[in-house]
Amino acid sequence: MVKVYVNNNEVEVSQDALVIDAVEKAGYEVPTLCYLKGLFNEATCRICVVKVNGKVVPSCRFPVFEGARIIVDDSELRRLRRVNLELLLATHEIKCWSCVRKGMCELLSLSKRLGVEGIPVCSECPLRGRSCLVLKGFPCLGPLTVAGCDAECPRRGSPCIGCRGYIMSEDVWVRALEEFYKDNVSLNELKSLISFFWSYLPQNLYRLVREVSNVEY
Amino acid sequence: MSIKLTSEVVRVAGESEILVSIDGERVKVEYDSLASPRSFESLVTGRKYWEVPYVVSRVCGVCSHAHFWASNLAIELALGIKVDEATSTLRDACNKLQILQNHVIHLGFLVLPDYGYSVGNDKYVSTLLKVNRVVNEALRLLGGRLTNPNVYVPGGFTEDLKQPVIKRVVNLLESVGNDLRELANIILSIELPELEDPSPEYVSLRNSPSVTVPVEGPYIIDSSKNTYTVYENYREIFVERYLDLSTSKKCLMNGEKVFHTGARARLINYLKGGSGLSSELRYLIARYEPLFKKNPFSNIYAKIIESLLIYENLLQTLSSLDTGKLSRVRPGNSFSGGFGVGVVEAPRGLLIHYYELNPEMRVIKADIITPTVMFSKHIEVSSEALIKGLLASEEGRDESLVKRFVEALVRAYDPCIPCAVHVIKMKR
């Protein structure tokens, strides 16, 4: 058995334990996406990072040692987790409007918990799939708007008007404009709706809407 | 004696200023808005018809339902859509809930401190907050959100409001009946200053506090002496004037008559044809009717009595409402352009929306006349009468007393400055 200190609390764990086991034994929780106890600890998501004696390490892979001082949460760790999650999201094809997970999604809940923007209102919308407003022909801005409102408007059958601001990811816009809106909603209508709150839209997205819609925006 | 007073009236919605100049026997009062222009009429120009209600409901947080409903009504009339009775009744119920909420909050937090009540008085504040919370919840259930509603669009409701939802609203409302009566007792016990209304002209939609389904154009508007049928001629009846110093306008009836609109006007006109009241309300209205016709301060009493009336009416209509037939009509593809006028009773009085649509169903012209624009001239004339009355007595010549009374009078009217500020003409 070895003695370690998790956030200054003394814990005794077996010699071959991992840092994440010590943290859990001390009653703390580390967010993780890829770790499954006893099955998978390849440390690919890098969300479970903690500080051991001042060094940042993935807790699901790092073994404990006598006298290790572990810090589970501080502002730097939160920032690192957020960056790692943003990198994961960058390669994730965000298609919440047609995703089979229907909101039961760890990526989504973790994004909310860590305050990562870039998840659309569709992720919270109960109308996803067959009763989707966009599929019905309403110019709903759900796919382009930052989530967090619990989809209050689309939930009641009223299209999203983008009051929470837009996702500033070209990827999300390209996908939504080309796959989603083009067949269902007149881009002219969408163009008018995007300016509803006169929200900030970067040049690249400006250009994108113009290119796709062939209309001066 | 010469006094010049400038007061930024606090405890009203928005920033406004009242200027009083007294020179011997001559008294002049000007009530101006200090808020910057908001240009909502320009914001909606060029927009698709269905976007308009969402934009204009943001004119005002406390009467967003009235703006939402009026704009929906105007656009429906322009497009030739006719909604069913249940839809109209539900929209009216949402508007009434907001009138109730506005009255309660205005009386409790803005008016009562003028009459010696402090907001630190736990008992009445907790009653107020309870009523407010319940009405908020009811509004959320019916209207989708507390402010800036989203459940209906031109053509009907976006979702089927199921019977259990209506039942929950009724249950919620039933839970605050006693609190409302308690509040009414407090309000009706305050002593109002004496004042003779210098311009007894009261304008409201016919049967307004009780009507559930408004006549869908032309609207019948009752004034003290006449009855007007208002549709495209609304501009001739409600004539707006631009002022040099103010960002809002002033409205006169037929271009000459100063008039009042709001709770007091609604109750006075309602008495002409109202029926189906409970004995308690009939007694209250009969008791205070002479006061309503005489004293502008009695708008405070009128508001709480109207709240009780609305409460009773809401319970009746919602309990017997059948929402099974809610339908949604979509505008047809062939539309050759047209205009529509929507008139509703907002918490503070008559609200008029006008939209002209082109064949693409985009707005080419918009116009909004709000209640505060209508009665702000009435504030000025009754303030002048109030000051003249004060100056007649020896103790009334005190500057601070004049200021206190004038501010209390403005608050009794409950002006809403953000509503009143719209497009103004620039002088070049």
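Here is what the cut-offs are and how they apply
Residues numbered from 1 in each chain as written. Chains lettered and ligands numbered in written order. Predicted model: local features only at pLDDT ≥ 70, side-chain atom pairs only at ≥ 80, totals over all residues. Heavy atoms only, no water. Helix = DSSP H or I, 4+ residues; strand = E, 2+ residues; numbered from the N terminus. Rg over C-alpha atoms; globule rule 2.2 N^0.38 Å. Buried < 20%, exposed > 50% of the residue type's maximum accessible area, 1.4 Å probe, protein only. Contact = heavy atoms within 4.5 Å. Areas by Shrake-Rupley, 256 points an atom, 1.4 Å probe, with all protein chains shown as cover. Lys, Arg positive; Asp, Glu negative; His and termini not counted. Charge placed at Lys NZ, Arg CZ, Asp CG, Glu CD. 1 Å grid on protein atoms, 1.4 Å probe; cavity = no way out; pocket = protein on both sides within 12 Å on 5 of 7 lines; lining within 4 Å. Points joined across faces, edges and corners; volume = space filled by probe spheres on them. Nonpolar A, V, L, I, M, F, W, Y, C, P; charged D, E, K, R; others polar. Patch = residues over 30% accessible without salt bridge, like charges linked within 9 Å, V, L, I, M, F, W, Y side chains within 5 Å. Salt bridge = Lys/Arg side-chain N within 4 Å of Asp/Glu carboxyl O. Domains from an automatic or database assignment. Buried area = accessible area lost by both parts, 1.4 Å probe. Pairing = 2+ DSSP bridges.

Trainee: Let's hear about the overall build of chain A: which residues, and what values?
Mentor: Per the secondary structure count, chain A includes eight helices and five strands. The linear arrangement of helices and strands in chain A, starting from the amino end, is β-β-α-β-β-β-α-α-α-α-α-α-α. The globule rule puts the C-alpha radius of gyration for 217 residues at 17 Å, and the 22 Å found for chain A is more than 25% above it. Taken along its principal axes, the extent of the C-alpha atoms in chain A is 70 × 35 × 25 Å.

Trainee: Break down the overall build of chain B for me, with residues and values.
Mentor: A count of helices and strands for chain B gives 14 helices and 13 strands. Taken over C-alpha atoms, the radius of gyration comes to 21 Å for chain B, in line with the 22 Å a tight globule of 428 residues would show. Expressed as lengths along the three principal axes of its C-alpha atoms, the size of chain B is roughly 70 × 55 × 40 Å. With 428 residues in all, chain B has 61% of them scored as buried. Considering only contacts within chain B whose residues lie at least 6 apart along the sequence, 71% involve residues at least 24 apart. A total of about 16,500 Å² of accessible surface is found on chain B, and carbon and sulfur atoms cover 50% of it. For chain B, the separation between the mean place of its 50 positive charges and that of its 50 negative charges on side chains is 4 Å.

Trainee: Report on empty space enclosed by the protein, specifying residues and quantitative values.
Mentor: Residue and element names in this part refer to chain A. Scanning the model with the defined rule gives five cavities of 30 Å³ or more in all. Roughly 90 Å³ of volume is contained in the second largest cavity. Around the second largest cavity, the lining comprises 14 residues; the ones closest to its centre are Cys-122, Cys-125, Cys-132, Leu-133 and Cys-140. For the lining of the second largest cavity, a count of residues per class yields 12 nonpolar, one polar and one charged.

Trainee: Summarise a nonpolar patch on the surface; cite the residues concerned and give the values.
Mentor: Residues and elements named next belong to chain A. Where nonpolar side chains cluster on the molecular surface, the patch consists of Leu-36, Leu-39 and Phe-40 and spans about 330 Å² of accessible area. One can find Leu-39 in the loop between helix H1 (19-25) and strand S3 (49-52). Overall, the relative accessible area of 72% leaves Leu-39 in the exposed class.

Trainee: Just give me the short version of the domain arrangement of chain A, but keep the residues and values in it.
Mentor: Residues and elements named next belong to chain A. Its domain assignment divides chain A into domain 1 (2-83) and domain 2 (96-213). Centre-to-centre separation of domain 1 and domain 2, based on C-alpha positions: 36 Å. Taken together, the contact between domain 1 and domain 2 spans seven residues of the former and seven residues of the latter. Contact between domain 1 and domain 2 buries roughly 600 Å² in total, counting both sides, with carbon and sulfur atoms accounting for 68%. In terms of surface lost to domain 2, no three residues of domain 1 exceed Pro-31, Leu-33 and Arg-82, which account for 68% of the buried area on that side. Between the two partners, domain 1 and domain 2, sit one salt bridge.

Trainee: Explain the pairing of strand S7 (residues 219-222) of chain B to me, using residue names and the numbers behind them.
Mentor: Residue and element names in this part refer to chain B. Bridging between strand S6 (residues 204-205) and S7 involves two bridges; their strand directions are antiparallel. Residue pairing for S7: Leu-205 is matched across the bridge by Ile-221. Where S7 and strand S8 (residues 227-230) come together, four bridges link them in antiparallel fashion. What sits directly across from Ile-221, in S8, is Tyr-228. Two successive antiparallel strands, S7 and S8, enclose a turn made up of four residues.

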